[in-house]
Amino acid sequence: MTDRSSSAWVRYQRFAPMGATILLFCLAYAYGAIAYEGMRDPQVFLNLFRAAPFLLISAIGMTFVILSGGIDLSVGGVVALTTVASAALLRGNGMDPWLVIVVMLLMGMAFGATMGILITYLKVQPFIATLAGLWVARGLCFWISDDAIAIDNRLWDVLGQTKLLIPGLADPVTKQGPFISILVVVEFVVLFAAIFVAHYKGFGRTVYAIGGNEASARLMGLRVNRTKVLVYTLNGFCSALAGIALSIDVSSGHGLYAMGLELTVIGAVVIGGTLLTGGSGYVIGTLFGVLVIGVIQTLIQFNGSLSSWWTPIVVGGLTLVFIGVQSFLMARRTKRATSRRRTAQPRTTGDPPLPEQAT
Amino acid sequence: MTVARSSRLHRFAESKLVFPLIVLAAILLFDLLFDPDFFGLQVIDGHLYGNLIDILRNGATVMLLAIGMTLVVATGGVDLSVGAVMAISASIAALLIDPDFKALTHDPTMSVTPLWLIFVVTLTVATLCGLWNGVLVAYGGIQPMVATLILMIAGRGIAQLITESVRIQIFYEPYAFLGNGWVILPFSLFIVAVVFTIFWLLTRRTSLGMFIEAVGINARSSFYSGVDEKRVKLFAYMACGFCAGMAGLVASSNIRTSDANNIGLNLELDAILAVVIGGTALGAGGRFSLFAGIIGALVIQAITTSMYAIGVPANALLTIKGIVVIIVILLLSDQVRGFIRRAASRQVRST
């Protein structure tokens, strides 16, 4: 294999899993558009973004955690706790809603920071620490209230129901046509902020380094401990923000919300091309992971005949396929590296190897 | 003190059983302080009743899961799908009892399939689920958490599809005996005892146990020693599937329903916790103790039952459980190291 022909593949190989996700999304959407007339409405595409901002925001936070080689099982609990706590605070003529949002975000960060400290300094396994965090969070929900609490607040209504018409597609006179909500804007702001932090900030680089090899990162002088705690704090922030988005969506708060969210979020991150072992993956990939899950749900809805329980099965199957692809690519990379070291490859072009380079 | 006596005591102190037993004793002691009558046992109609029996009975499902999970964790992996496999087994059992759900036979002696066949088919399917996980992990080289996550997500969907999203009520009495029957002690305990004995014999009276520990400690060197890592891991995951199937049967028989949504929900987390309390290292694997895993399951159940007995409101239970877990885990990590250090220095001083 010559260097010239392999260079393109080698250079873009790391985009392969994410490329597969994007391709899958396009294919699935194309299939839907052909098969179902209703799906050709541009609103359906926009609904993919409107349907689950809380899933995307939560998945963005989880992406950072997984990139650092950890895992956070508490997201569902923190999301539910945020919905219940904000509902409780807004009850009657309670707190100023903007203050509620700030308090909730701080609470999420405190939660994340606590787990981060347990994991980093007290050496508790991330799985166990975040599992305990999940239990504590869910338990706190029911401490606040056994039943769902309705939210009746102007800010919440405005944030949830304002329709932002798409210029060019919608008719401004009759106020009809394709629209998105404010939460969609929020989720895109979060997405772009996350991409910026991941690729243009030292924090992001440290996260990737820790995920690749924590010991090497430490030896390089990177502030591993601080970054690890910050990663979980960031995820706590994202979970709280996702909880606020959910409470806006459903105008209520309950401890039973977001059950099993952590699984869907991890699935979305993996489908988006991030390796669960950490160190490899792109934040934008998570966006496509969420979109793929959304398009599957949409397809099943439009089909109508398939039970909605097919969604978790398909998501599970897709996660499997993507992991298989990832493992396959990783195995090929290591195999090629070791085989090149062991056997002398005949070179058909280029300069002959120097004596000390021959195996 | 003769050498033999001190070494046996020392061996017990170093074993995996010490920590979970101490924690269990501490919890029970705490209960005794709150309620002096906590250990009271009554015999009604030839059956034993009491708080201790409650702990044993309610903990039966997690004890079964912990047996299989210990083996998987010992190989260095984890199985997140046990809850979903429980749901699948419960659905299949309900399907076998009455394939046409709409008919809903109310006759307690009616079942389309005999009980033994229900057992065989359900446990076979559960073991096949374990086989699926094992193939993905051992032969596919996929990370255990990810591989079992797939079945965890998809499995609930499969269970729901089998029962067509209907909660099937089970009226067949012999099946209900599994979870509800009493032979002095709750029948589910005998099931736990049988399953435990089977796996204890398989792992400690054959070399399988040693192979599992070897694979967990260092897969590479066990490969060079001739241990087939792939087959050992496959066995571990199949065993876990089997135990999950049995747990599903017991759980659904307990509530006389096959509820594909709720059976086994979050129980995988309890099972993993039980194994960790029992001293098997999560993520690394290696030395394991089935009995310690069972004690770990009892610890978790004891926490729950104690909370109810003291009168902690149900909605606070989950929070307390989470906090207690963290405390236990922290104790485990620092204490074991300190204990061993002190014990080793005592040994050095005495010689």
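Use the structure listed above.
**Q** Can you break down the overall build of chain B residue by residue, with the values?
**A** Scanning chain B from N- to C-terminus turns up 15 helices and 6 strands. Sequence-distant contacts in chain B: of pairs separated by 6 or more residues, those separated by 24 or more amount to 79%. Here chain B has roughly 15400 Å² of accessible surface; of this, 66% comes from carbon and sulfur atoms.

**Q** An account of the overall build of chain A is needed here, citing residue identities and associated values.
**A** Across its full length, chain A carries 15 helices and 4 strands. Counting all 359 residues of chain A, 51% fall into the buried class. Put simply, of all contacts in chain A between residues at least 6 apart along the chain, 74% involve residues at least 24 apart. When the accessible surface of chain A is summed, it comes to about 17000 Å², and 64% of that surface belongs to carbon and sulfur atoms.

**Q** Tell me about the interface of chain B and chain A, and name the residues and values.
**A** Across the contact, 37 residues belong to chain B and 33 residues belong to chain A. Contact between chain B and chain A buries roughly 3300 Å² in total, counting both sides, with carbon and sulfur atoms accounting for 84%. Counting across the interface, chain B meets chain A through 0 salt bridges. Linking chain B to chain A there are 1 residue pair in polar contact (both at pLDDT 80 or more). Going through the elements one at a time, helix H6 (115-139), helix H7 (144-162), helix H13 (267-277) and helix H15 (314-350) of chain B are the ones with two or more residues in the side of chain B that touches chain A. Taken together, the residues that form the side of chain B that touches chain A break down as 25 nonpolar, 10 polar and 2 charged.

**Q** Tell me about H7(B), and name the residues and values.
**A** Residue and element names in this part refer to chain B. With 19 residues, H7 should cover 27 Å at 1.5 Å per step; its first-to-last C-alpha distance of 26 Å lies within 8% of that length. The element H7 is extensively covered by neighbouring structure, given that 16 of its 19 residues are classed as buried. Once H7 finishes, glutamate 164 follows within two positions and takes phi at roughly 55 degrees, a positive value.

**Q** Tell me about a nonpolar patch on the surface, residues and numbers included.
**A** Together, A:Met95, A:Leu99, A:Val102, A:Leu106 and A:Met109 make up an exposed nonpolar region whose accessible area comes to about 400 Å². Within the secondary structure, A:Leu106 is located in helix H6 (residues 97-120).

**Q** Got a sec to walk through helix H9 (residues 187-204) of chain B? Specific residues and values, please.
**A** Helical geometry: 3.6 residues make up each α-helical turn, so side chains three or four residues apart lie on a common side. Residues and elements named next belong to chain B. For H9, with 18 residues, the first-to-last C-alpha span of 25 Å sits near the 26 Å given by 1.5 Å per residue. Of the positions making up H9, those classed as buried are Ser188, Leu189, Ile191, Val192, Val195, Phe196, Phe199 and Thr203. Angularly, the buried residues of H9 cover 155 degrees about the axis, an arc narrow enough to put them on a single face.

**Q** Go over the packing of H9(B) against helix H12 (residues 229-255) of chain B with me, naming the residues and quoting the values.
**A** All names here are of chain B. Two elements in contact, H9 and H12, have axes separated by 11 Å at closest approach and are oriented at 170 degrees. What the angle tells us is that H9 and H12 run roughly antiparallel. The residues of H12 that touch H9, namely those facing Ser188, Ile191, Val195, Phe199 and Leu202, are Phe235, Ala239, Phe242, Cys243, Met246 and Val250. Of the residues that constitute the contact of H9 with H12, the class distribution is 10 nonpolar, 1 polar and no charged.

**Q** I'd like to hear about the pattern of salt bridges, residue by residue, with values.
**A** One pass over the structure, following the stated rule, counts 6 salt bridges over all chains. Among the ionic pairs, A:Lys228 bridges to A:Glu214, the shortest N-O distance being 3.3 Å. Note that A:Lys228 is positioned in helix H12 (residues 224-250) and A:Glu214 in helix H11 (residues 214-219), a separation of 14 residues in sequence. Among the ionic pairs, B:Glu229 bridges to B:Lys233, the shortest N-O distance being 3.0 Å. Taken together, the positions of B:Glu229 and B:Lys233, both in helix H12 and 4 residues apart, correspond to about one turn of that helix.

**Q** Outline unusual backbone geometry, listing residues and values.
**A** All names here are of chain A. Of note in the backbone geometry, lysine 123 takes a positive phi value of approximately 60 degrees without being a glycine. The residue lysine 123 is located in the loop between H6 and helix H7 (126-144) in this model. The phi dihedral of serine 251 falls on the positive side, at around 50 degrees, and the residue is not glycine. Tracing the sequence through the fold places serine 251 in the loop between H12 and strand S4 (252-253). Classification of serine 251 by relative accessible area gives partly exposed; the value is 25%.

Reading guide: rules and limits
- Residues numbered from 1 in each chain as written.
- Chains lettered and ligands numbered in written order.
- Predicted model: local features only at pLDDT ≥ 70, side-chain atom pairs only at ≥ 80, totals over all residues.
- Heavy atoms only, no water.
- Helix = DSSP H or I, 4+ residues; strand = E, 2+ residues; numbered from the N terminus.
- Contact = heavy atoms within 4.5 Å.
- Areas by Shrake-Rupley, 256 points an atom, 1.4 Å probe, with all protein chains shown as cover.
- Buried < 20%, exposed > 50% of the residue type's maximum accessible area, 1.4 Å probe, protein only.
- Buried area = accessible area lost by both parts, 1.4 Å probe.
- Salt bridge = Lys/Arg side-chain N within 4 Å of Asp/Glu carboxyl O.
- Polar contact = N/O pair within 3.5 Å; in protein donor to acceptor, adjacent residues only side chain to side chain.
- Nonpolar A, V, L, I, M, F, W, Y, C, P; charged D, E, K, R; others polar.
- Expected span 1.5 Å × (residues − 1).
- Patch = residues over 30% accessible without salt bridge, like charges linked within 9 Å, V, L, I, M, F, W, Y side chains within 5 Å.
- Arc of directions from axis to C-beta.
- Axes fitted to C-alpha atoms, helices over the stretch in contact; angles between N-to-C directions.
- Parallel < 35°, antiparallel > 145°, perpendicular 65-115°, else oblique.

On their own, these measurements won't tell you what the molecule is for.
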